[in-house]
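Okay, here's what each chain looks like letter by letter:
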Amino acid sequence: MTLDQPSRARIGFASRLGFGASGIGTLYRDVSEDAARAVLREAYAAGLRYFDTAPFYGYGLSELRLGQFLRSVPRDTFTLSTKVGRYMVLPYGEAVDYGNWAAPLRLKPVVDYGYAGTMRALEQSANRLGIAAIDLVYIHDVDRFTHGDAYERRFHEAMEGSYRALADLRKAGHVRAIGVGVNESDVATRFVEAGDFDAVMMAGRYTLLDRRAEADLFPAAARKGTEIVVAGVFNSGILASGPDAAAATYDYGAPPPEIVARARRIAALAAEHGVPLQAAAIQFPLRHPQVSAAVLGMSRVGRVAENLAWSSAPIPEAFWQDLDRLA
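Residue positions are given per chain, counting from 1 as you read along its sequence in written order. Note on the predicted model: pLDDT of at least 70 is required for a residue's local features to be given, and 80 or more for side-chain atom pairs to be given and counted; whole-chain, interface and lining totals, by contrast, use all residues. Excluding hydrogens and water, the side-chain values take into account all heavy atoms of the structure.

K.L.:
Mind showing me how you'd approach the overall build of the protein here?
P.N.:
Numbered from the N terminus, helices here are DSSP runs of H or I no shorter than four residues, and strands are runs of E no shorter than two. Looking only at helices and strands, the protein has 13 helices and 10 strands in total. As defined in this context, the radius of gyration uses C-alpha atoms, and a globule is described by 2.2 Å times the residue total to the power 0.38. Against the compact-globule benchmark of 20 Å for 327 residues, the protein has a radius of gyration of 19 Å, which places it among compact chains. Taking the principal axes of the C-alpha coordinates as reference, the protein spans close to 55 × 45 × 40 Å. Throughout this description, buried means an accessible area under 20% of the type-specific maximum (1.4 Å probe, protein chains only), exposed means over 50%, and partly exposed covers the range between. A buried classification covers 57% of the 327 residues belonging to the protein. Long-range pairs, those at least 24 residues apart, make up 77% of the contacts in the protein with a sequence separation of at least 6. In the form shown here, the protein has an accessible surface area of approximately 13300 Å², with 53% of it arising from carbon and sulfur atoms. Residue contacts follow a heavy-atom distance rule, with two residues in contact if any of their heavy atoms lie within 4.5 Å. Here the open area of atoms and residues is found with the Shrake-Rupley method and a 1.4 Å probe, where only the protein chains shown may cover a residue.

K.L.:
Whenever I open this one, the sheet that holds strand E2 (residues 50-52) confuses me. Can you help?
P.N.:
Within a sheet, adjacent strands bond to each other through the backbone by hydrogen bonds, running parallel or antiparallel. For two strands to be treated as a pair, DSSP must find no fewer than two bridges joining them. Here 8 strands make up a closed barrel; going around it, the order is E1-E2-E3-E6-E7-E8-E9-E10 and the pairing parallel. Across the sheet, the axes of successive neighbouring strands diverge by a mean angle of 25 degrees, strand direction being ignored. As paired elements, strand E1 (residues 17-20) and strand E10 (residues 291-297) share 4 bridges and run parallel to each other. Counted as the bridge partner of Gly20 is Gly297 from E10. Orientation is described by lines fitted to C-alpha atoms, with helices fitted over the stretch in contact, and by angles between N-to-C directions that extend from 0 to 180 degrees.

K.L.:
Honestly, the packing of helix H11 (residues 277-286) against helix H13 (residues 317-326) in this entry has me stumped. Any pointers?
P.N.:
Packed helix pairs are specified by the crossing angle of their axes together with the interaxial distance, meaning the distance between the axes. In the contact formed by H11 and H13, the axes pass within 12 Å of each other and the chain directions differ by 80 degrees. Relative to H13, the element H11 lies roughly perpendicular. Residues Ala280, Gln283 and Phe284 of H11 form the contact with H13, whose participating residues are Phe319, Trp320 and Leu323. The class makeup of the residues in the contact of H11 with H13 is 5 nonpolar, 1 polar and no charged. The labels follow the angle: roughly parallel below 35 degrees, roughly antiparallel above 145, roughly perpendicular from 65 to 115, and oblique for the rest. Here the term charged refers only to Asp, Glu, Lys and Arg, the term nonpolar to Ala, Val, Leu, Ile, Met, Phe, Trp, Tyr, Cys and Pro, and the term polar to all other amino acids, Gly among them.

K.L.:
Sorry if this is basic, but what is going on with unusual backbone geometry here?
P.N.:
If a residue is not glycine, its phi is most likely negative; likewise, a peptide bond is most likely trans. Positive phi, normally seen in glycine, also occurs at Tyr28, with a value near 75 degrees. Within the secondary structure, Tyr28 sits in the loop between E1 and helix H1 (33-46).

K.L.:
Would you mind showing me how to read the nonpolar core here?
P.N.:
Proteins that are soluble and globular tend to have nonpolar side chains buried together. Nonpolar cores are built from buried Ala, Val, Leu, Ile, Met, Phe, Trp, Tyr and Cys residues. Side-chain atoms within 4.5 Å join them into one set. Counting residues in hydrophobic clusters, the biggest one holds 91 residues, and the most contacted among them are Phe19 and Ile139. It is helix H5 (residues 151-171) that contributes the most residues to this core, 8 residues altogether. Every residue in contact with Ile139, bar those within four places of it in the chain, is listed here: Val84, Tyr113, Ala158, Ser162, Tyr163, Leu166, Gly179, Val180, Gly181 and Phe197. The next biggest cluster of nonpolar side chains, apart from the first, holds 13 residues, and it includes Tyr138, Ala177, Met201 and Ala203.

K.L.:
Whenever I open this one, helix H10 (residues 257-272) confuses me. Can you help?
P.N.:
One full turn of an α-helix is made of 3.6 residues, so residues set three or four places apart face in the same direction. The terminal C-alpha atoms of H10 lie 23 Å apart, and with 16 residues this matches the ideal 22 Å at 1.5 Å per residue to within 8%. Contacts from the buried residues of H10 go to helix H9 (238-241), H11 and H13. Just downstream of H10, Gly274 is the residue with a positive phi angle, here 70 degrees. An expected span of 1.5 Å times one less than the residue number is assigned to each helix.

K.L.:
How do you make sense of the pattern of salt bridges when you look at a structure like this?
P.N.:
Note on pairing: side chains with opposite charge can pair once their charged atoms come close. Salt-bridge detection follows one rule: a side-chain nitrogen of Lys or Arg within 4 Å of a carboxyl oxygen of Asp or Glu. Summed over all chains, the structure comprises 23 salt bridges. A salt bridge links Arg128 to Glu63; its shortest N-O distance comes to 2.7 Å. Here Glu63 lies in helix H2 (residues 61-70) and Arg128 lies in helix H3 (residues 115-129), a separation of 65 residues in the sequence. Among the residues examined, Arg128 registers a relative accessible area of 13% and is labelled buried. According to the relative accessible area criterion, Glu63 is buried, its value standing at 0%. Salt-bridge contacts for Arg264 lead to Asp244; the nearest nitrogen and oxygen are separated by 2.7 Å. Of this pair, Arg264 sits in helix H10 while Asp244 sits in the loop between H9 and H10, and the two are 20 residues apart along the sequence. Under the relative-accessibility criterion, Asp244 is labelled exposed at 55%. Three or more residues joined by partner-sharing salt bridges are found here, namely Arg205, Asp210, Arg212 and Asp251.

K.L.:
Before we go on, may I ask you to explain the packing of aromatic side chains in this structure?
P.N.:
Each aromatic ring pair is specified by the distance between its two centres and by the angle formed by the two planes. Between the rings of Phe, Tyr and Trp (Trp by its six-membered ring), a pair exists once the centres lie within 6.5 Å; its type follows the angle of the planes, with under 30 degrees stacked, over 60 edge-to-face, and the other angles tilted. Following the criterion strictly, the structure yields 19 aromatic pairs and no others. Relative to Tyr50, the ring of Phe13 lies with its centre 4.7 Å away and its plane at 50 degrees, an arrangement referred to as tilted. Of the two residues, Phe13 sits in the segment before E1 while Tyr50 sits in strand E2, which places them 37 residues apart along the sequence. An identical accessibility class is assigned to Phe13 and Tyr50; each is buried. Ring plane angle 85 degrees and centroid distance 6.5 Å describe the contact between Phe51 and Phe78, whose orientation is recorded as edge-to-face. Pair noted here: Phe51 is in strand E2 and Phe78 is in the loop between H2 and strand E3 (79-84), with a separation of 27 residues, a long-range link. Residue classification places Phe51 among the buried residues on the basis of a relative accessible area of 0%.

Right, dumping it as structure tokens:
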């Protein structure tokens, strides 16, 4: 796999490795304007040409910062995706839960998968980015993890609202492709079977630790000609820090004992073959012929070089064979 190898399917991502812009939206830690510009410059100079963001990332801050940088480089050199499902309003004194965002814009997100709400969200995104021609728009976070008991209602709202809006925009040529970005493979499969989506961003469900997407999403996507973009290749941290790190997390929480045990077995196997665990985590999903791109979150300049080194580190075929037997 080479960094500048474009995907072979419909969308034609400008690079198979993508820059996930949640970190420059201050996910978990504050990131200054200068630091955000520096990491974006480094990523672009290193050859990353697919950039993914969302209104939810820093409550608009990620889009503002990403757009400022992307407007400084030729538009035909990169692929840009953002998401719909939330738009921002002034809180007017209302207390807002900023969750894991360390220093977001002081706005209030409104969840809305209706037709008009989708148009409003996309118009706001275009204004923040300063870029009208957005290549790919995902419907964001319509899953049980986000909505709990309201998931079923939100799914129907998204298909009747967001999907129709994005399909109309695609038909009119205003967006090139549409997709859905979720954390649960059965939910992604349900969307693929319910509509005509160009891509699915599947977070955390096709990794060294969790291959559930292979069983349901991948066959459905193959039937419909839907591209797969993977995210969360480190399962929110455990495959980056290692299973025995004090701060190791899995799906944004403490890793269950069975996950720690499996991660230890994989780490031991990687050590036997002289393979960095992080390199295996990045390269594993990209080996699948249905995966068009992998998005990696980066908010520090040093992470760019690390991720690129891991993405191209030599891994013997024997490791992958042993890994399949371990699974």
